Amino acid sequence: MDFVIDDGTPEAETHDPAFARGLVPRDYATDPPEMFAPPSEIPLIPRSEWDARIAEQDAQESSLEHIWRRTGQPVLDQNPQGYCWAYSTGAAMMAARMAANLPVVRLSPHAVACKIMNFRDEGGWCGLSAKFAREYGYPSVTAWPERSMSRQYDRPETWADAANHKVVEDWVDLTAPHYYYQQLTFDQVATCLLLNRPCPVDFNWWGHSVCALRLVRVEAGSYGLRIINSWGSGWGEQGFATLRGSKAIPNSALCVRAVTT
Amino acid sequence: MKLLGGACLGLLLFASVAASTDPATPHQPVQPVTPPAPPPGETLPDWPATPVVPQPMPPQPAPKAVANLAAEELYVVQSDDDVQLLASPPGVVVVTKEQGPLKIRGLFVGNKIVSTRTYGKKHVFIVERVKPGDVELLLVPAGKVERRTVGDGDGPIPPPKPKPDDPPAPKPPEPATSFRVIFVYESGDTLTAAQHSVIFGKSVSDYLDATATKEAGRPGWRRFDKDAAAEKEQPTMRALWSAVRPQLTATPCLVVEVNGRAEIVPLPATPAEALATLKTYSGGK
């Protein structure tokens, strides 16, 4: 069907050096899940409902992927910096704006990553950028051009613009492998996606962070995460792909429930 | 002449801010206006006015302005009071009086699809056209007279001749020059699959993209968490949200604004029902 990454996908295909990654596994000792709302607040949609809900989303073209594609907005491109961890959250915030039918605003994750890492090309995790998004917001590309590493854009006007694009509503830290088994994490992400809440997701196997937009049924009893990557439209299926099997279980994940309106 | 049928829903008035498009222009405070209650001791039938009750309400037919009653359509009036519905001249429509509560399945006036509706009042009148021509409906509740005229679609309908003891004739609905919609939900709640389809489905969003009033180039419809601030919104959308937000009592629901008047209605059950409901507000566009 589409571009699928599973346990049989050669590493050469997912670790192409032409595409920058940059995930640093989150250290829960210093960044515990309690910094966000607890995952126990999410009432899980049982797996018995998944097929019907996925079919309904397909029939009504109501998933976040459908909504994103209808906007015609190209996927983001982080290259050559390893700022995936800021792009996954940025894409989730853009998707949340699209879900609210707010004007499409292309955000500049490079600005956030530059600010956090003091303009060094260093890795991180989605929770790091999401915390920044809650406190300061993401500027648009009109305030900080895409992929710019220039300090000239680090100015008050830029951050005033960023304040228009914050994560504002409660957001949920879905990780919690310390407290829950990982399968539950997948089910939490699945629930969020079935409700059109975008999820930045980190994968240690990939050394990469992307944004999950949709739960898909790969085959009977097997589900995958439809993700939007930050490697431009030339990768995957116009920038989208499906992760399945063990490749789809995130090591760290967040849910963006609402952004500045 | 238009007919106003079905249940009235919560009304808010938020006019006077729609003309402002300058984000820097401060807004006048929006004052929700609640229609006055009937005088003590006076009980009017469920037509044309009902007490204003904010949502939620059980599913009821949405208020609609009816220009013409086609041969296959039903126009239904209900009341808890002992009233009579008279047609003048006779022979144009047939009025059947039934005892409520009553479920009726059929093609209701103003709708494009067959649907089932429940009428909970004691007295239910079903009006059906049997031959072309205009007809005036007279609802007579305990000494009061309310007048409506049904047209057949052939040419303009003359207004009824006023009588000294008549109440003021209702004004025909104005064309929808302003039409905005907000789907309201709690982002922490689990929507059902059907609710999800109504709020996020392509058919509904395509319709709203085409019909909702644009502001700064963006169609005037949104999907908001019930706690959204909307402080960065366009002026009219911000004013609409600030007017209706304090009135929200349950989610998910639908906010519809037409010509400066906003209503909060229960979320339709399906995308098809949502489209039918929205078309009644947008004037069938």
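Predicted model only: the values in this text are computed from it and were never measured.

1. Structural notes on helix α4 (residues 271-282) of chain B
All names here are of chain B.
Thinking step 1. With 12 residues, α4 should cover 16 Å at 1.5 Å per step; its first-to-last C-alpha distance of 16 Å lies within 8% of that length.
Thinking step 2. What α4 keeps buried is the set Pro271, Ala274, Leu275, Thr277, Leu278, Thr280, Tyr281 and Ser282.
Thinking step 3. The positive-phi residue at the C-terminal boundary of α4 is Gly283, with phi of around 80 degrees.

2. Quick word on the packing of aromatic side chains
Residues and elements named next belong to chain A.
Thinking step 1. Scanning all chains against the criterion turns up 19 aromatic pairs over all chains.
Thinking step 2. A ring pair is formed by Phe132 and Trp159, whose centres lie 5.7 Å apart and whose planes are at 70 degrees; its orientation type is edge-to-face. Taken together, the residues Phe132 in helix α6 (residues 126-135) and Trp159 in helix α7 (residues 156-162) connect sequence positions 27 residues apart. We note that Phe132, like Trp159, is buried.
Thinking step 3. Positioned above the aromatic ring of Phe240 is the side chain of Arg69, whose terminal nitrogen or guanidinium carbon lies 4.2 Å from the ring centre.
Thinking step 4. Sitting above the plane of the Trp205 ring, Lys247 keeps its charged end 4.9 Å from the centroid.

3. Details of the interface of chain B and chain A
Thinking step 1. Taken together, the contacts link 30 residues of chain B with 26 residues of chain A.
Thinking step 2. Both faces combined, the contact of chain B with chain A buries some 2,300 Å², and carbon together with sulfur accounts for 47% of it.
Thinking step 3. Three residues stand out in chain B for area buried against chain A, namely His196, Lys202 and Arg218 of chain B, and they jointly supply 24% of the buried area on that side.
Thinking step 4. Across the contact surface, chain B and chain A share one salt bridge.
Thinking step 5. On the surface where chain B and chain A come into contact, there are 21 residue pairs in polar contact (both at pLDDT 80 or more).
Thinking step 6. Of all the elements in the fold, those that place two or more residues in the side of chain B that touches chain A are α1 (193-200), α2 (202-211), β14 (218-219) and β15 (221-225) of chain B.
Thinking step 7. In terms of residue count, β15 of chain B provides more of the side of chain B that touches chain A than any other element does, five residues in total.
Thinking step 8. Residues belonging to the side of chain B that touches chain A are distributed by class as follows: 10 nonpolar, nine polar and 11 charged.

4. Section: helix α3 (residues 64-71) of chain A
Thinking step 1. For α3 of chain A, every residue scored as buried is listed here: Leu64, Glu65, His66, Ile67 and Trp68 of chain A.
Thinking step 2. Gly72 of chain A sits one or two residues past α3 of chain A and shows a positive phi near 75 degrees.

5. Things to note about the pattern of salt bridges
Thinking step 1. Across all of its chains, the model carries 22 salt bridges over all chains by this definition.
Thinking step 2. With its nearest N and O atoms 2.9 Å apart, the salt bridge here joins Asp154 of chain A to Lys115 of chain A. Of the two residues, Asp154 of chain A is situated in the loop between α6 and α7 and Lys115 of chain A in helix α5 (residues 109-116); the sequence distance between them amounts to 39 residues.
Thinking step 3. For Asp154 of chain A, a relative accessible area of 28% gives the class partly exposed.
Thinking step 4. We classify Lys115 of chain A as partly exposed; its relative accessible area is 36%.
Thinking step 5. With a shortest N-O distance of 2.5 Å, Arg222 of chain B and Glu233 of chain B are connected by a salt bridge. Of this pair, Arg222 of chain B sits in strand β15 while Glu233 of chain B sits in the loop between β15 and α3 (235-244), and the two are 11 residues apart along the sequence.
Thinking step 6. For Glu233 of chain B, a relative accessible area of 6% gives the class buried.
Thinking step 7. Connected through salt bridges with shared partners, the residues Asp58, Glu65, Arg69, Arg214, Arg226 and Glu237 of chain A form a single ionic network.

6. What about unusual backbone geometry?
Thinking step 1. Here the bond from Gly100 of chain B into Pro101 of chain B is cis, since omega is -5 degrees, no more than 30 degrees from zero.
Thinking step 2. Positionally, Pro101 of chain B belongs in the loop between β6 (93-99) and β7 (102-106).
Thinking step 3. The omega angle of the peptide bond from Thr251 of chain B to Pro252 of chain B is 0 degrees, so this bond is cis rather than trans.
Thinking step 4. Here Pro252 of chain B is to be found in the loop between α3 and β16 (253-258).
Thinking step 5. With a phi close to 65 degrees, Asn196 of chain A is a non-glycine residue in the positive phi region.
Thinking step 6. Along the polypeptide, Asn196 of chain A turns up in the loop between α8 (182-194) and β3 (199-203).
Thinking step 7. One non-glycine residue, Ala230 of chain B, lies in the positive phi region at around 60 degrees.
Thinking step 8. The topology assignment puts Ala230 of chain B in the loop between β15 and α3.
Thinking step 9. The exposure class of Ala230 of chain B is buried, given its relative accessible area of 0%.

7. Observations regarding the packing of α3 of chain A against helix α4 (residues 84-99) of chain A
All names here are of chain A.
Thinking step 1. Where α3 meets α4, the axes come as close as 10 Å, and the angle between the chain directions of the two elements is 85 degrees. Between α3 and α4, the angle falls in the class roughly perpendicular. Where α3 approaches α4, its residues Leu64, Ile67, Trp68 and Thr71 are matched on the opposing element by Ala91, Met94, Ala95, Met98 and Ala99.
Thinking step 2. Its residues assigned to classes, the contact of α3 with α4 shows eight nonpolar, one polar and no charged.

8. Focus on the confidence of the model for chain B
All names here are of chain B.
Thinking step 1. Here chain B averages 73 in pLDDT, and 65% of its residues register 70 or above.
Thinking step 2. Note that pLDDT drops below 50 for residues 1-13; the model gives that stretch 76 contacts with residues more than four away or on any other chain.
Thinking step 3. Segment residues 15-65 is flagged for pLDDT under 50; beyond a separation of four residues in sequence, or across chains, it makes 102 contacts in the model.
Thinking step 4. Here the predicted complex scores 0.70 on pTM and 0.91 on ipTM.

9. Some words on the nonpolar core
Thinking step 1. With 94 residues, the main nonpolar core has Leu215 of chain A together with Phe183 of chain B as its most contacted residues.
Thinking step 2. Ranked by residues supplied to this core, first place goes to α4 of chain A with 12 residues.
Thinking step 3. In this structure, Phe183 of chain B is in contact with Val198, Ile199, Val204, Leu208, Trp221, Arg222, Arg223, Phe224, Cys253, Leu254 and Leu267 of chain B, ignoring residues within four places of it in sequence.
Thinking step 4. Counting 16 residues, the second-largest nonpolar core is a separate cluster that includes Ala100 of chain A together with Val184, Ala228 and Val244 of chain B.

10. Structural notes on the pairing of strand β7 (residues 252-255) of chain A
All names here are of chain A.
Thinking step 1. Residues Ser252 and Leu254 point to one face of β7 and Ala253 and Cys255 to the other, with burial holding for every one of them.
Thinking step 2. Where β3 and β7 come together, two bridges link them in antiparallel fashion. Paired with Asp202 across the bridge in β7 is Ser252.

11. Quick notes on the sheet that holds β6 of chain B
Residue and element names in this part refer to chain B.
Thinking step 1. The strand order across the open sheet formed by three strands is β4-β9-β6, and the pairing between neighbours is antiparallel. Of all the strands in the sheet, just β4 (75-79) and β6 have a single pairing partner and so form its edges. Sheet twist, expressed as the mean angle between neighbouring strand axes with direction ignored, is 20 degrees.

Cut-offs and rules
Residues numbered from 1 in each chain as written. Chains lettered and ligands numbered in written order. Predicted model: local features only at pLDDT ≥ 70, side-chain atom pairs only at ≥ 80, totals over all residues. Heavy atoms only, no water. Helix = DSSP H or I, 4+ residues; strand = E, 2+ residues; numbered from the N terminus. Expected span 1.5 Å × (residues − 1). Buried < 20%, exposed > 50% of the residue type's maximum accessible area, 1.4 Å probe, protein only. Phe/Tyr/Trp six-rings, centres within 6.5 Å; stacked < 30°, edge-to-face > 60°. Lys NZ or Arg CZ within 6 Å of the ring centre and 35° of its normal. Contact = heavy atoms within 4.5 Å. Buried area = accessible area lost by both parts, 1.4 Å probe. Salt bridge = Lys/Arg side-chain N within 4 Å of Asp/Glu carboxyl O. Polar contact = N/O pair within 3.5 Å; in protein donor to acceptor, adjacent residues only side chain to side chain. Nonpolar A, V, L, I, M, F, W, Y, C, P; charged D, E, K, R; others polar. Axes fitted to C-alpha atoms, helices over the stretch in contact; angles between N-to-C directions. Parallel < 35°, antiparallel > 145°, perpendicular 65-115°, else oblique. pLDDT = per-residue confidence, 0-100. Core = buried A, V, L, I, M, F, W, Y, C linked by side-chain atoms within 4.5 Å. Pairing = 2+ DSSP bridges.

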